[in-house]
Amino acid sequence: MTTVLKVDSITMQFGGVIAVNNLNIDIHEGEIIALIGPNGAGKTTAFNMITGVYKPTKGRILYTNDAGEEVDITGMKPSTIAQLGVARTFQNIRLFKELTVYENVMIAEHLHLKSDFLSATLHLPWYNKEQQVAEEEVERLLKEVGLWEERGEKASSLPYGKQRRLEIIRAMATHPKVLLLDEPAAGMNPNETDDLTAFIKTIHDKYHLTVFMIEHHMDLVMEISDRIYVLDFGQTIAKGTPQEIQNDDRVIEAYLGVDEDA
Amino acid sequence: MKKKRDLILSVILLIVLFGLSWLLNSEMDSYVRRIANLCMIYAIIGLSMNVTNGFAGQFSLGQAGFMAIGAYVVGIFTVPVAARATVFYAVPMNPAIAGIQLPVWAALLGGGLLAALVAFLIGAPILRLKGDYLAIATLGFSEIIRIVITNASSITNGALGIKDIPTLNDARYIFLATAIAFVFIAALINSSYGRAFKAIREDEIAAEAMGINLYKHKCLAFMISAFFAGVGGGLYAMLLGTVDPKNFLFTLTYNFLLIIVLGGMGSITGSMFGAIIVTAGLEYLRIFDEPLELFGMNIPLFRPGLRMVIFSVLLMVCVLFWRHGIMGTKELTWDRIAQFCKNPLAVFKRKGAAK
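Analysis parameters
Residues numbered from 1 in each chain as written. Chains lettered and ligands numbered in written order. Predicted model: local features only at pLDDT ≥ 70, side-chain atom pairs only at ≥ 80, totals over all residues. Heavy atoms only, no water. Buried < 20%, exposed > 50% of the residue type's maximum accessible area, 1.4 Å probe, protein only. Helix = DSSP H or I, 4+ residues; strand = E, 2+ residues; numbered from the N terminus. Pairing = 2+ DSSP bridges. Right-handed = clockwise from strand over helix to strand, strands pointing away. Axes fitted to C-alpha atoms, helices over the stretch in contact; angles between N-to-C directions. Parallel < 35°, antiparallel > 145°, perpendicular 65-115°, else oblique. Left-handed = near helix turned anticlockwise from the far one by under 90°. Contact = heavy atoms within 4.5 Å. Nonpolar A, V, L, I, M, F, W, Y, C, P; charged D, E, K, R; others polar.

Observations concerning the pairing of strand 7 (residues 178-182) of chain A
Residue and element names in this part refer to chain A.
Alright, step 1. Taken across its five residues, strand 7 has five buried, putting it largely inside the fold.
Alright, step 2. The alternating pattern of strand 7 places Val178, Leu180 and Asp182 on one face and Leu179 and Leu181 on the opposite face, and all of these are buried.
Alright, step 3. Looking at chain direction, strand 6 (residues 86-88) and strand 7 are connected through three bridges and run parallel. Pairing of Ala87 across the sheet is with Leu179, part of strand 7.
Alright, step 4. The sheet contact formed by strand 7 and strand 8 (residues 210-214) spans five bridges and is parallel. In the sheet register, Leu180 faces strand 8, and the bridge partner there is Phe212.
Alright, step 5. Note that the unit made of strand 7, helix 7 (residues 190-207) and strand 8 has a crossover that is right-handed.

Shown next as structure tokens:
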């Protein structure tokens, strides 16, 4: 199996606070990897470094592009990383709230349009062709996720669960190889979580995606992840298959605390 | 089918409006013509400001500066060569440009392009700023342009301004320019670049995560905005027949801010309505500036300046009760008009709903 994303001992320091310390993660093609840990462990910071929001204080992040070449994406612009094929969602949903469901997904197609702004403005034939391809793509994606009927609604008027799905499908419209999900099931009830689990599995299988996610719902994590990394206070305290993690003393300790009497 | 219908209706509307501008030109006196032309020019500049402020969500207050660039390019290059010695009587014109005279359309285009170039050059440092800071930086920049113009006497004739610019108080040409600006900006906003601008307005971080290069798109919006402000400024210079640095004080920018806030930030048709209301409104409120006698008594309030008081009150009422302006981010589309014709009351009913 080839490595798609290789996080090579990255450290992120904010003044005196070390949010992430010497993190190493290897993600192989087609895997579903979960990153778990208590609140404030540095999980979202790790995501922000991979997607270019923060530049790591130390370390490198390597990404294998479609041609099979390793690219150093450390400190690249978020937009460039997205163009290379790493898409993400956000912990606190970040949809384009005042725009319609359709526009939200359509915007993600923008990076595939080669036309310059003049030919786009004048709606020249080659732009129209690209635009049509994008439109068909968006229609297909929205139908797949069951949001086609609501395409004209404002994104902010959708119920919570659908907003989460819309955010995932918006990320999918950038045609990613690696999809980073930041707490996709946050605030969902068990039913919705089950639906989401099935949904993530479906898109993973269908698009040969590599999924890397932060999640607190253990049912979801244990059910779909191939491997799990556990972070606490910026350090990796454990990694392995769901079974290994469930029985790891340090993980239990991090989550439940130490029994003083024992 | 619908697209075709809308296109046909729009073309018909444009032709009808063009016919009206023809009529305006031949039937109306020059005062009315001047107001109508000013409305259209302000509409162009309002539209241009809406591209950055309304669509890309970058609060820029540099419009007066870009207008000044366009106006001066037109001023400098369209004054007949023979008349230049009398215009530049204090400091002779720089010999390098003294002999160049451009046709009007080339000067207008050149003014727009120079404004866009300046926008590109200053965009690199200042587009990193956000919100209020960007507003202050662009405001400062427009003052810098004005001061440079005031001091570059051999090119701009300094504080004396440039007179004898061939005037263009002709509604037909100005209408054509407005129509081109309107169609171009409407088409831009409906293209994928327009969607990218809106994405930046809504959420910069998410837009970036969707592969939209923030700097590139902000700079593009800024340049397009500057281009049309420059063209608008050139037309403004030709409407007045003179340019003077004092025409482009930063207070001028607030006129356009007013237009887009009133019309709706992020609405193209809104900017058109805003421009008409603000420009025509300010003119027709002049009755309040004239002394008024009622029952033999002179009402003391009616004196020069009252119209500004009334106008301000109207604006405050509008902003308080109609916070998103007349149109908000909506557009007046043919669909909407058709709906209104079928059921006029439904438009008001829907307002209550969460749409």
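Now that the structure has been shown, we can carry on.
Things to note about the packing of helix 2 (residues 30-55) of chain B against helix 12 (residues 214-240) of chain B
All names here are of chain B.
Alright, step 1. Relative orientation of the contacting elements helix 2 and helix 12 amounts to 165°, with a least axis distance of 7 Å. Here helix 2 lies roughly antiparallel to helix 12, going by the angle between them. The interaxial crossing formed by helix 2 with helix 12 has left-handed handedness. Along the contact surface, helix 2 presents Arg34, Asn37, Leu38, Ile41, Tyr42, Ile44, Ile45, Ser48, Met49, Val51 and Thr52, while helix 12 presents Ala221, Phe222, Ser225, Phe228, Ala229, Gly232, Gly233, Leu235, Tyr236, Leu239 and Leu240.
Alright, step 2. Its residues placed into classes, the contact of helix 2 with helix 12 shows 15 nonpolar, six polar and one charged.

Structural notes on the pairing of strand 4 (residues 58-64) of chain A
Consecutive residues of a regular strand have side chains that alternate between opposite faces of the sheet.
All names here are of chain A.
Alright, step 1. The pairing of strand 1 (residues 3-14) with strand 4 spans five bridges and is antiparallel. Its bridge partner being in strand 4, Leu5 is matched across the sheet by Tyr63.
Alright, step 2. Relative to strand 5 (residues 70-72), strand 4 runs antiparallel, the two sharing three bridges. Within the sheet, the bridge partner assigned to Thr64 lies in strand 5 and is Glu70.
Alright, step 3. Taking the residues that link successive antiparallel strands as the turn, the strand 4-strand 5 hairpin has five residues, and the phi of Gly68 there is positive, at about 85°.

A closer look at the sheet that holds strand 3 (residues 32-36) of chain A
All names here are of chain A.
Alright, step 1. Spatially, 6-7-8-3-9-10 is the arrangement adopted by the six strands of the open sheet, whose pairing is mixed. Looking at the sheet topology across the chains shown, the edges are occupied by strand 6 and strand 10 (235-240). This sheet shows a mean twist of 20° between the axes of neighbouring strands, independent of strand direction.
Alright, step 2. Bridging between strand 3 and strand 9 (residues 227-232) involves four bridges; their strand directions are parallel. Paired with Ile33 across the strands is Arg227, a residue of strand 9.

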